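# Structural features, examined
Spelled out, the chains give:
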Amino acid sequence: MLSFTKQGIFCKQANVYIDPWKPVERAIISHGHSDHARRGHKNYLCVQESKEIIRHRLGKKINIDTLTFGERRTINGVTFSFHPAGHIIGSAQIRVEYKGEIWVFSGDYKTEDDGISGAFEPIPCHAFITESTFGLPFYQWQPQHKVAEEINNWWRLNKVHNRVSLLAGYSLGKAQRLIHLLDDSIGKIYTNDTVEDINEIVRMQGVPLKATTRIHQGMKAEDFVGNIIIAPSSALHIDFEKANCEVSEAVASGWMAIRKMRINRKVDRGFVLSDHADWPGLNAAIRATGAEHVFVTHGYTNMFSKWLCEQGINAIPVSTKYVGELLEKKS
Ligand SMILES: [Zn+2]
Ligand SMILES: [Zn+2]
(Lines give C-alpha, C1' and ligand atoms only; values in the text may rest on other atoms or scores of the structure.)
(Ligands and ions follow the chains in the order given, each with its own letter.)
Protein backbone atom coordinates (compact mmCIF):
# COMPACT_ATOMS: atom_id res chain seq x y z
CA MET A 1 0.00 0.00 0.00
CA LEU A 2 2.91 2.32 0.76
CA SER A 3 6.09 2.29 -1.25
CA PHE A 4 9.50 3.89 -0.83
CA THR A 5 10.24 6.18 -3.75
CA LYS A 6 12.82 8.82 -4.65
CA GLN A 7 10.48 11.54 -3.36
CA GLY A 8 9.53 9.79 -0.15
CA ILE A 9 7.03 7.31 1.26
CA PHE A 10 4.24 7.13 -1.29
CA CYS A 11 0.62 6.00 -1.25
CA LYS A 12 -0.19 5.49 -4.92
CA GLN A 13 -3.91 4.87 -4.46
CA ALA A 14 -4.35 8.29 -2.78
CA ASN A 15 -1.49 10.00 -4.64
CA VAL A 16 -0.13 11.26 -1.34
CA TYR A 17 3.36 11.28 0.15
CA ILE A 18 4.25 10.91 3.81
CA ASP A 19 7.07 13.18 5.10
CA PRO A 20 8.50 13.47 1.57
CA TRP A 21 12.01 14.85 1.08
CA LYS A 22 11.39 16.15 -2.46
CA PRO A 23 8.67 18.66 -3.37
CA VAL A 24 5.33 16.96 -4.09
CA GLU A 25 1.68 17.85 -4.72
CA ARG A 26 0.26 16.47 -1.46
CA ALA A 27 2.26 15.80 1.69
CA ILE A 28 1.11 14.38 5.01
CA ILE A 29 3.51 15.49 7.72
CA SER A 30 4.23 13.67 10.99
CA HIS A 31 5.84 16.56 12.90
CA GLY A 32 7.69 19.87 12.65
CA HIS A 33 11.35 18.76 12.59
CA SER A 34 13.16 19.84 9.46
CA ASP A 35 13.91 16.33 8.19
CA HIS A 36 10.16 15.55 8.15
CA ALA A 37 8.49 18.90 7.39
CA ARG A 38 10.26 20.26 4.32
CA ARG A 39 9.69 23.22 2.07
CA GLY A 40 8.20 23.17 -1.39
CA HIS A 41 5.10 20.99 -1.22
CA LYS A 42 1.86 22.27 -2.79
CA ASN A 43 -0.41 21.01 0.00
CA TYR A 44 0.34 20.01 3.58
CA LEU A 45 -1.78 17.97 5.95
CA CYS A 46 -0.79 17.65 9.59
CA VAL A 47 -2.28 17.31 13.03
CA GLN A 48 -3.78 20.47 14.55
CA GLU A 49 -1.07 20.75 17.22
CA SER A 50 1.66 20.91 14.58
CA LYS A 51 0.17 23.53 12.29
CA GLU A 52 1.54 26.73 13.82
CA ILE A 53 4.94 25.14 14.41
CA ILE A 54 5.16 24.13 10.74
CA ARG A 55 3.93 27.55 9.56
CA HIS A 56 6.48 29.23 11.80
CA ARG A 57 9.26 27.19 10.23
CA LEU A 58 8.16 26.97 6.58
CA GLY A 59 6.40 30.30 6.20
CA LYS A 60 2.89 31.57 6.80
CA LYS A 61 1.98 31.23 3.12
CA ILE A 62 2.07 27.45 2.84
CA ASN A 63 -1.18 25.70 2.06
CA ILE A 64 -1.86 23.67 5.17
CA ASP A 65 -4.84 21.65 6.32
CA THR A 66 -5.25 19.86 9.65
CA LEU A 67 -6.97 16.99 11.40
CA THR A 68 -7.31 16.43 15.13
CA PHE A 69 -5.77 13.30 16.67
CA GLY A 70 -7.87 10.30 15.71
CA GLU A 71 -9.92 12.18 13.11
CA ARG A 72 -10.14 10.43 9.73
CA ARG A 73 -9.66 11.80 6.23
CA THR A 74 -10.44 9.62 3.23
CA ILE A 75 -8.69 10.29 -0.06
CA ASN A 76 -9.71 8.10 -3.01
CA GLY A 77 -10.78 5.29 -0.70
CA VAL A 78 -7.68 5.47 1.53
CA THR A 79 -8.27 6.59 5.11
CA PHE A 80 -5.59 8.57 6.92
CA SER A 81 -5.44 9.54 10.60
CA PHE A 82 -2.93 10.93 13.11
CA HIS A 83 -2.08 9.32 16.45
CA PRO A 84 0.25 10.54 19.22
CA ALA A 85 3.91 9.60 18.76
CA GLY A 86 5.17 11.02 22.08
CA HIS A 87 8.28 12.46 20.39
CA ILE A 88 7.74 16.24 20.64
CA ILE A 89 4.70 18.50 20.92
CA GLY A 90 2.46 17.86 17.93
CA SER A 91 4.28 14.73 16.78
CA ALA A 92 2.11 12.08 15.19
CA GLN A 93 2.18 8.59 13.80
CA ILE A 94 0.30 8.31 10.53
CA ARG A 95 -2.20 5.47 10.11
CA VAL A 96 -3.20 4.47 6.58
CA GLU A 97 -6.06 2.08 5.83
CA TYR A 98 -7.21 0.74 2.49
CA LYS A 99 -9.66 -2.14 1.98
CA GLY A 100 -9.04 -3.49 5.47
CA GLU A 101 -5.25 -3.35 5.24
CA ILE A 102 -3.58 -1.08 7.80
CA TRP A 103 -0.14 0.50 7.69
CA VAL A 104 1.35 2.81 10.28
CA PHE A 105 4.24 5.20 9.79
CA SER A 106 5.83 5.96 13.18
CA GLY A 107 7.71 9.12 12.23
CA ASP A 108 9.96 9.73 15.22
CA TYR A 109 8.60 8.34 18.48
CA LYS A 110 9.22 7.93 22.17
CA THR A 111 7.34 5.51 24.41
CA GLU A 112 7.88 7.30 27.74
CA ASP A 113 5.18 9.88 28.44
CA ASP A 114 7.11 13.10 29.08
CA GLY A 115 4.07 15.08 30.22
CA ILE A 116 3.96 17.58 27.34
CA SER A 117 4.31 15.68 24.05
CA GLY A 118 1.26 13.40 24.36
CA ALA A 119 1.52 9.69 25.23
CA PHE A 120 2.62 7.32 22.46
CA GLU A 121 -0.35 5.27 21.27
CA PRO A 122 0.27 1.72 20.00
CA ILE A 123 -1.86 1.12 16.90
CA PRO A 124 -2.62 -2.41 15.68
CA CYS A 125 -1.54 -2.76 12.06
CA HIS A 126 -0.37 -5.18 9.39
CA ALA A 127 2.73 -3.21 8.49
CA PHE A 128 4.67 -0.81 10.68
CA ILE A 129 7.32 1.62 9.47
CA THR A 130 9.54 2.25 12.46
CA GLU A 131 12.50 4.47 13.14
CA SER A 132 15.56 2.90 14.79
CA THR A 133 17.65 5.85 16.01
CA PHE A 134 18.58 4.03 19.21
CA GLY A 135 17.99 0.46 18.03
CA LEU A 136 20.81 -1.25 19.94
CA PRO A 137 20.55 -2.97 23.37
CA PHE A 138 23.13 -0.49 24.69
CA TYR A 139 20.56 2.32 24.66
CA GLN A 140 18.38 2.10 27.75
CA TRP A 141 17.08 5.33 29.20
CA GLN A 142 16.62 6.24 32.85
CA PRO A 143 13.08 7.33 33.74
CA GLN A 144 12.89 11.04 33.02
CA HIS A 145 12.29 12.05 36.67
CA LYS A 146 15.78 10.68 37.42
CA VAL A 147 17.35 12.71 34.64
CA ALA A 148 15.41 15.76 35.83
CA GLU A 149 16.89 15.25 39.29
CA GLU A 150 20.42 15.13 37.84
CA ILE A 151 19.83 18.31 35.86
CA ASN A 152 18.34 20.20 38.78
CA ASN A 153 21.13 19.06 41.12
CA TRP A 154 23.68 20.30 38.61
CA TRP A 155 21.88 23.66 38.38
CA ARG A 156 21.65 23.95 42.19
CA LEU A 157 25.38 23.26 42.58
CA ASN A 158 26.22 25.82 39.91
CA LYS A 159 24.17 28.36 41.77
CA VAL A 160 26.05 27.68 45.00
CA HIS A 161 29.30 28.33 43.11
CA ASN A 162 27.95 31.49 41.44
CA ARG A 163 28.05 29.93 38.01
CA VAL A 164 25.82 30.41 35.03
CA SER A 165 24.13 27.16 33.93
CA LEU A 166 23.99 26.77 30.17
CA LEU A 167 21.95 23.83 28.94
CA ALA A 168 21.67 23.05 25.26
CA GLY A 169 18.93 21.10 23.54
CA TYR A 170 17.37 21.63 20.12
CA SER A 171 14.80 24.39 19.95
CA LEU A 172 11.70 22.42 18.94
CA GLY A 173 10.88 19.71 21.44
CA LYS A 174 13.93 19.20 23.59
CA ALA A 175 14.02 22.78 24.88
CA GLN A 176 10.36 22.68 25.97
CA ARG A 177 10.83 19.30 27.59
CA LEU A 178 13.84 20.61 29.54
CA ILE A 179 11.86 23.65 30.70
CA HIS A 180 9.10 21.30 31.81
CA LEU A 181 11.60 19.30 33.89
CA LEU A 182 13.42 22.22 35.52
CA ASP A 183 12.81 23.16 39.13
CA ASP A 184 12.15 26.87 38.75
CA SER A 185 12.39 27.44 42.49
CA ILE A 186 16.18 27.34 41.97
CA GLY A 187 16.31 30.42 39.77
CA LYS A 188 15.18 32.01 36.53
CA ILE A 189 14.98 30.25 33.19
CA TYR A 190 16.33 32.22 30.23
CA THR A 191 15.95 31.31 26.56
CA ASN A 192 17.26 32.56 23.22
CA ASP A 193 15.01 33.66 20.35
CA THR A 194 14.67 30.35 18.51
CA VAL A 195 13.62 28.55 21.69
CA GLU A 196 11.32 31.33 22.91
CA ASP A 197 9.56 31.61 19.53
CA ILE A 198 8.53 27.96 19.83
CA ASN A 199 7.60 28.45 23.51
CA GLU A 200 5.19 31.21 22.53
CA ILE A 201 3.52 29.02 19.92
CA VAL A 202 3.01 26.05 22.22
CA ARG A 203 1.78 28.22 25.10
CA MET A 204 -0.85 29.67 22.76
CA GLN A 205 -1.95 26.08 22.15
CA GLY A 206 -2.49 25.63 25.85
CA VAL A 207 0.68 23.68 26.74
CA PRO A 208 1.48 24.77 30.32
CA LEU A 209 5.17 25.69 30.09
CA LYS A 210 6.99 27.23 33.02
CA ALA A 211 7.76 30.94 32.87
CA THR A 212 10.84 31.79 30.79
CA THR A 213 12.58 35.05 29.96
CA ARG A 214 13.77 35.87 26.45
CA ILE A 215 17.37 37.04 26.38
CA HIS A 216 17.73 40.53 24.95
CA GLN A 217 20.67 42.73 24.14
CA GLY A 218 20.53 44.92 27.23
CA MET A 219 21.19 42.01 29.57
CA LYS A 220 24.55 41.71 31.29
CA ALA A 221 26.49 38.53 31.91
CA GLU A 222 25.98 38.98 35.68
CA ASP A 223 22.20 38.74 35.24
CA PHE A 224 22.55 35.03 34.48
CA VAL A 225 24.61 34.05 37.52
CA GLY A 226 22.74 31.36 39.47
CA ASN A 227 20.17 31.11 36.71
CA ILE A 228 19.86 28.76 33.76
CA ILE A 229 19.92 29.43 30.02
CA ILE A 230 18.24 27.00 27.62
CA ALA A 231 20.06 27.60 24.34
CA PRO A 232 23.02 26.35 22.37
CA SER A 233 26.15 28.29 23.36
CA SER A 234 26.67 29.22 19.70
CA ALA A 235 23.44 31.24 19.80
CA LEU A 236 24.56 33.43 22.68
CA HIS A 237 26.42 36.70 22.29
CA ILE A 238 27.26 37.32 25.90
CA ASP A 239 30.88 37.76 26.93
CA PHE A 240 30.94 35.77 30.16
CA GLU A 241 34.73 35.70 30.24
CA LYS A 242 35.09 39.43 30.08
CA ALA A 243 32.59 39.81 32.92
CA ASN A 244 34.49 37.18 34.89
CA CYS A 245 31.45 34.91 35.10
CA GLU A 246 32.00 31.21 35.33
CA VAL A 247 29.78 29.10 33.08
CA SER A 248 28.94 25.41 33.34
CA GLU A 249 27.87 24.04 30.00
CA ALA A 250 25.76 20.93 29.49
CA VAL A 251 24.00 19.11 26.67
CA ALA A 252 20.87 16.96 26.93
CA SER A 253 20.67 14.28 24.25
CA GLY A 254 20.36 10.53 23.80
CA TRP A 255 23.82 10.68 22.23
CA MET A 256 25.28 11.64 25.59
CA ALA A 257 25.06 7.92 26.41
CA ILE A 258 28.22 7.58 24.30
CA ARG A 259 31.38 8.68 26.04
CA LYS A 260 33.06 9.77 22.84
CA MET A 261 30.17 12.08 22.01
CA ARG A 262 30.42 13.71 25.43
CA ILE A 263 34.10 14.33 24.94
CA ASN A 264 33.61 15.67 21.42
CA ARG A 265 31.02 18.16 22.59
CA LYS A 266 33.56 19.64 24.99
CA VAL A 267 30.91 20.30 27.62
CA ASP A 268 31.06 19.99 31.40
CA ARG A 269 28.06 17.69 31.64
CA GLY A 270 26.11 15.42 29.32
CA PHE A 271 22.60 14.43 30.35
CA VAL A 272 21.21 11.34 28.64
CA LEU A 273 17.76 12.51 27.62
CA SER A 274 16.30 11.52 24.29
CA ASP A 275 13.08 12.24 22.44
CA HIS A 276 13.38 8.88 20.69
CA ALA A 277 12.51 5.43 22.00
CA ASP A 278 15.31 3.39 23.56
CA TRP A 279 15.89 -0.31 22.86
CA PRO A 280 13.15 -1.63 25.19
CA GLY A 281 10.82 1.12 23.93
CA LEU A 282 11.32 0.23 20.24
CA ASN A 283 10.82 -3.47 20.91
CA ALA A 284 7.70 -2.93 23.04
CA ALA A 285 6.20 -0.53 20.50
CA ILE A 286 6.73 -2.93 17.61
CA ARG A 287 5.31 -5.89 19.53
CA ALA A 288 2.27 -3.83 20.53
CA THR A 289 1.36 -3.15 16.89
CA GLY A 290 1.16 -6.88 16.14
CA ALA A 291 2.58 -6.07 12.70
CA GLU A 292 3.76 -8.98 10.53
CA HIS A 293 5.83 -6.66 8.38
CA VAL A 294 8.17 -4.05 9.75
CA PHE A 295 10.13 -1.54 7.69
CA VAL A 296 13.06 -0.06 9.56
CA THR A 297 14.11 3.50 8.75
CA HIS A 298 16.70 5.96 10.07
CA GLY A 299 19.11 4.70 12.71
CA TYR A 300 20.63 1.25 13.19
CA THR A 301 18.47 0.00 10.31
CA ASN A 302 20.46 -3.12 9.36
CA MET A 303 21.23 -4.40 12.82
CA PHE A 304 17.78 -3.69 14.16
CA SER A 305 16.08 -5.37 11.18
CA LYS A 306 18.26 -8.42 11.66
CA TRP A 307 17.30 -8.57 15.32
CA LEU A 308 13.59 -8.32 14.48
CA CYS A 309 13.91 -11.11 11.91
CA GLU A 310 15.45 -13.31 14.60
CA GLN A 311 12.31 -12.61 16.64
CA GLY A 312 10.17 -13.98 13.83
CA ILE A 313 9.10 -10.64 12.35
CA ASN A 314 9.46 -9.92 8.62
CA ALA A 315 11.65 -6.86 8.91
CA ILE A 316 13.60 -5.06 6.23
CA PRO A 317 15.78 -1.96 6.35
CA VAL A 318 14.80 0.91 4.09
CA SER A 319 16.77 4.01 3.34
CA THR A 320 15.14 7.41 3.81
CA LYS A 321 16.35 10.97 4.28
CA TYR A 322 15.30 11.18 7.92
CA VAL A 323 17.90 11.75 10.59
CA GLY A 324 17.93 10.54 14.17
CA GLU A 325 18.25 12.55 17.36
CA LEU A 326 19.44 16.00 16.44
CA LEU A 327 22.24 17.69 18.26
CA GLU A 328 21.52 21.00 19.81
CA LYS A 329 22.46 23.34 16.97
CA LYS A 330 19.97 21.92 14.52
CA SER A 331 16.23 21.95 14.83
ZN1 LIG B 1 11.84 14.52 15.08
ZN1 LIG C 1 13.47 12.66 12.47
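Quick notes on the rules
Residues numbered from 1 in each chain as written. Chains lettered and ligands numbered in written order. Predicted model: local features only at pLDDT ≥ 70, side-chain atom pairs only at ≥ 80, totals over all residues. Helix = DSSP H or I, 4+ residues; strand = E, 2+ residues; numbered from the N terminus. Contact = placed C-beta atoms within 7 Å. Pairing = 2+ DSSP bridges. Axes fitted to C-alpha atoms, helices over the stretch in contact; angles between N-to-C directions. Buried ≥ 20, exposed ≤ 12 C-beta atoms within 10 Å, placed from the backbone. Domains from an automatic or database assignment. Nonpolar A, V, L, I, M, F, W, Y, C, P; charged D, E, K, R; others polar. Arc of directions from axis to C-beta. Right-handed = clockwise from strand over helix to strand, strands pointing away.

Further remarks concern the environment of Tyr322. Relative to the helices and strands, Tyr322 is located in the segment after β19 (314-317). Taking the C-alpha atoms as reference, Tyr322 lies 19 Å from Gly169; in sequence the two are 153 residues apart. Other than its neighbours up to four places away in sequence, Tyr322 contacts Asp35, His36, Thr297 and His298.

Overall, mixed pairing links the seven strands, which are arranged β7-β8-β9-β10-β11-β18-β19 in an open sheet. Looking at the sheet topology across the chains shown, the edges are occupied by β7 (72-75) and β19. This sheet shows a mean twist of 20° between the axes of neighbouring strands, independent of strand direction. Where β7 lies against strand β8 (residues 78-84), four bridges are found, and the strand directions are antiparallel. Within the sheet, the bridge partner assigned to Arg73 lies in β8 and is Phe80. Contacts from helix α6 (residues 279-289) reach β10 (101-105), β11 (127-132) and β18 (293-299) within the one sheet, and its direction differs from that of β11 by about 175°.

Within helix α1 (residues 51-58) the residues assigned to the buried category are Lys51, Glu52, Ile53, Ile54 and Arg57. Positive phi appears at Gly59, one or two residues downstream of α1, with a value of about 110°.

Before going further, it helps to examine the domain arrangement of the protein. Segmentation of the protein into domains returns domain 1 (2-139 + 276-317) and domain 2 (144-271). Each partner contributes residues to the interface: domain 1 has 15 residues there, and domain 2 has 14 residues. Of the residues assigned to the side of domain 1 that touches domain 2, the class counts are six nonpolar, five polar and four charged.

What follows is about the pairing of strand β9 (residues 92-98). By the criterion of burial, β9 is predominantly enclosed, with five of the seven residues buried. In this sheet, β9 lies alongside β8 in antiparallel orientation, the contact comprising six bridges. Its bridge partner lying in β9, Pro84 is registered against Ala92. In this structure, β9 lies alongside β10, joined through five bridges in antiparallel fashion. Paired with Tyr98 across the two strands is Glu101, which belongs to β10.

Below, the discussion takes up the environment of Val251. Secondary-structure assignment places Val251 in strand β16 (residues 246-252). Accessibility expressed as a C-beta count within 10 Å gives 25 for Val251, which makes it buried. Separated by 85 residues in the primary sequence, Val251 and Leu166 place their C-alpha atoms 8.4 Å from one another.

Let's shift gears to helix α7 (residues 301-310). Residues of α7 that are buried: Thr301, Phe304, Ser305, Trp307 and Leu308. Buried positions in α7, seen along its axis, are confined to an arc of 160° and lie on one side of it. In this fold, the buried residues of α7 make contact with β11, α6, β18 and β19.

A separate point is the pairing of β16. Relative to β16, strand β12 (residues 163-168) is paired through six bridges, and the arrangement is parallel. Following the sheet pairing, Val164 is matched in β16 by Val247. Summarising the sheet, β16 and strand β17 (residues 269-271) pair through three bridges and their orientation is parallel. Of the residues in β17, the one forming a bridge with Val251 is Gly270. Read as a crossover between parallel neighbours, the route from β16 over helix α5 (residues 259-265) to β17 is right-handed.

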